[in-house]
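# Examining the three-dimensional arrangement
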Amino acid sequence: LLSFLFLFLCVCVSQTTSSTSIMQAITKGKSITCHAWNSDGSKCALCPNSNVVLIVGKDATGAWKLEHQLKQHDSVVTGIDWDRVHNRIVTCSQDRNAYVWHYDDTAKEWKPDLVILRINRAATHVKWSPNGDKFAVASGAKLVSVCHFEEDNDWWVSKHVKKHRSTVTRIAWHPNNQLLATASTDFKARIFNCAIREVDGKQIETAWGKKKPFDEPLCEFDCNGWVQGIAFSPSGNKLVFVGHDSTVSVAECHPGAEPTLFTLKTKLLPMMDCMFLDETKVVAAGYDCAPYLFAQSGPSEWKLVKSLDEKKAPAAPAATTSSTRAAFNMFQSKASKGTTDESKLSTEVETKHQNTITDIEVYRRSETMVTEFTTSGLDGAIFWWK
């Protein structure tokens, strides 16, 4: 009853390398809502736009196969993240719940731990902190739940960040494990202190602003549209966010001075997610169905470099069997699609992804940069990019 979905390996920063199919993930032919990788890239957790999370791994021959199905949620899973430090998975859903999954070696299955989110709207995104000792869940309740484990009660409890005026779409942790950046549909990106004394001890001073209590923003940045994606640089001194107004904005902190913000207006369709590859390069993707590379061109200036996806050659027009049939096709195309150019009638777009890219995830990284990342989208495909 399950159909096979081919996922492709794409090496597209180098324009000479073509994609190679290396994985067959078992889905139901639906869009991939979100995905995440374990520490060595041998297992992937993904959601095929349902309440089920699929764990896909490699067998002894190197082939990909379905290993587990996590079925605790009641509605569509909107966020997945894999704790690469402790090998745990956290998931959140439109059912307003989150679960932390740990692998039971004796039972050979993933078991959920209870999380107390205390939200009354759908969860939208989830991310582990760099140390893997807490995680944050964004939601439509205009807040973020920052969760840590409480051993006395054997569950995950939360503290709320409430300074938003609309849905929080994305979140990103600073490398110091204490600051949290949020993207919201109230047209703002913010940075909060999310240090929890039981976990982090004392708050760390940073160049993003003076020390402030939990739930107080250190700084805010404006956007002329919904903020869809957000990410810190490897050093934590830069913040990138993308808006529904087709802009890419990069904020940079400076010791003893206010952060600077550079906003690049593009002619692209809006981006849905973004990521720093290193301190001077950003990749973003969205409704154009391809990841785009942006690079720093000056002290506080950025530019669009190129698309990382080669365009496919247009398909040859289909041959007709008779002049009568050709005339009929021309009339039908003019009436239904407003054109008689048969090369424009194909529904296949000229990119490897055939629909909106909604998620960018790190696959492999070195000490200074991301060396390989993956994208997933509404076409139900995952692509690898080096």
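Everything below is about the structure shown above.
Residues numbered from 1 in each chain as written. Predicted model: local features only at pLDDT ≥ 70, side-chain atom pairs only at ≥ 80, totals over all residues. Heavy atoms only, no water.

## Details of the sheet that holds strand β25 (residues 292-296)
Ordered by their spatial adjacency, four strands build an open sheet running β23-β24-β25-β26, and the pairing between neighbours is antiparallel. The open sheet terminates on both sides in strands that have one partner only, identified here as β23 (271-278) and β26 (302-307). Across this sheet, the average inter-strand angle for adjacent strands is 25°, counted without regard to direction. Sheet analysis places strand β24 (residues 281-286) next to β25, joined by four bridges and oriented antiparallel. Its bridge partner being in β25, A284 is matched across the sheet by Y292. (Pairing = 2+ DSSP bridges. Helix = DSSP H or I, 4+ residues; strand = E, 2+ residues; numbered from the N terminus. Axes fitted to C-alpha atoms, helices over the stretch in contact; angles between N-to-C directions.)

## Comments concerning the packing of aromatic side chains
All told, the structure shown has 17 aromatic pairs when counted by the stated rule. Taken together, a centroid distance of 5.2 Å and an interplanar angle of 70° make the contact between W128 and F135 edge-to-face. According to the relative accessible area criterion, W128 is buried, its value standing at 6%. Owing to a relative accessible area of 0%, F135 belongs among the buried residues under this scheme. (Phe/Tyr/Trp six-rings, centres within 6.5 Å; stacked < 30°, edge-to-face > 60°. Buried < 20%, exposed > 50% of the residue type's maximum accessible area, 1.4 Å probe, protein only.)

## Some points on the side chain of T185
Summarising the element assignment, T185 is placed in the loop between β16 (179-184) and β17 (188-193). A polar atom in the side chain of T185 sits 2.6 Å from the side chain of S166. Apart from the residues lying within four places of it in its own chain, the contact partners of T185 are S166, T167, T169 and W226. (Polar contact = N/O pair within 3.5 Å; in protein donor to acceptor, adjacent residues only side chain to side chain. Contact = heavy atoms within 4.5 Å.)

## Quick notes on the pattern of salt bridges
Applying the stated criterion across every chain yields a total of 16 salt bridges. Residues K134 and D200 are paired through a salt bridge, measuring 2.5 Å at the closest nitrogen-oxygen approach. Remark: D200 occurs in helix α1 (residues 197-200) and K134 occurs in strand β12 (residues 134-139); sequence separation between them is 66 residues. Looking at D200, the relative accessible area reads 19%, which means it is buried. In this structure, R190 and E220 form a salt bridge, with 3.1 Å as the shortest nitrogen-oxygen distance. Of this pair, R190 sits in strand β17 while E220 sits in strand β18 (residues 217-222); the two residues are 30 residues apart in sequence, bridging distant segments of the chain. Residue E220 is classed as partly exposed on the basis of its relative accessible area of 39%. (Salt bridge = Lys/Arg side-chain N within 4 Å of Asp/Glu carboxyl O.)

## A word on the environment of F232
In this fold, F232 is placed in strand β19 (residues 227-232). Measuring from C-alpha to C-alpha, the distance between F232 and A251 comes to 9.5 Å, with 19 residues separating the pair along the chain. Setting aside chain neighbours within four positions, we find F232 in contact with A172, W173, H174, P175, A181, I191, W208, K238, L239 and F276.

## Quick look at unusual backbone geometry
With phi around 55°, N49 is a residue other than glycine that occupies positive phi space. Note on placement: N49 falls in the loop between β4 (43-47) and β5 (53-58). The exposure class assigned to N49 is partly exposed, which follows from its relative accessible area of 36%. The phi angle at D154 is positive, at roughly 60°, despite the residue not being glycine. Tracing the chain through its elements places D154 in the loop between β13 (144-150) and β14 (155-161). Take D154: its relative accessible area is 57%, and that puts it in the exposed class.

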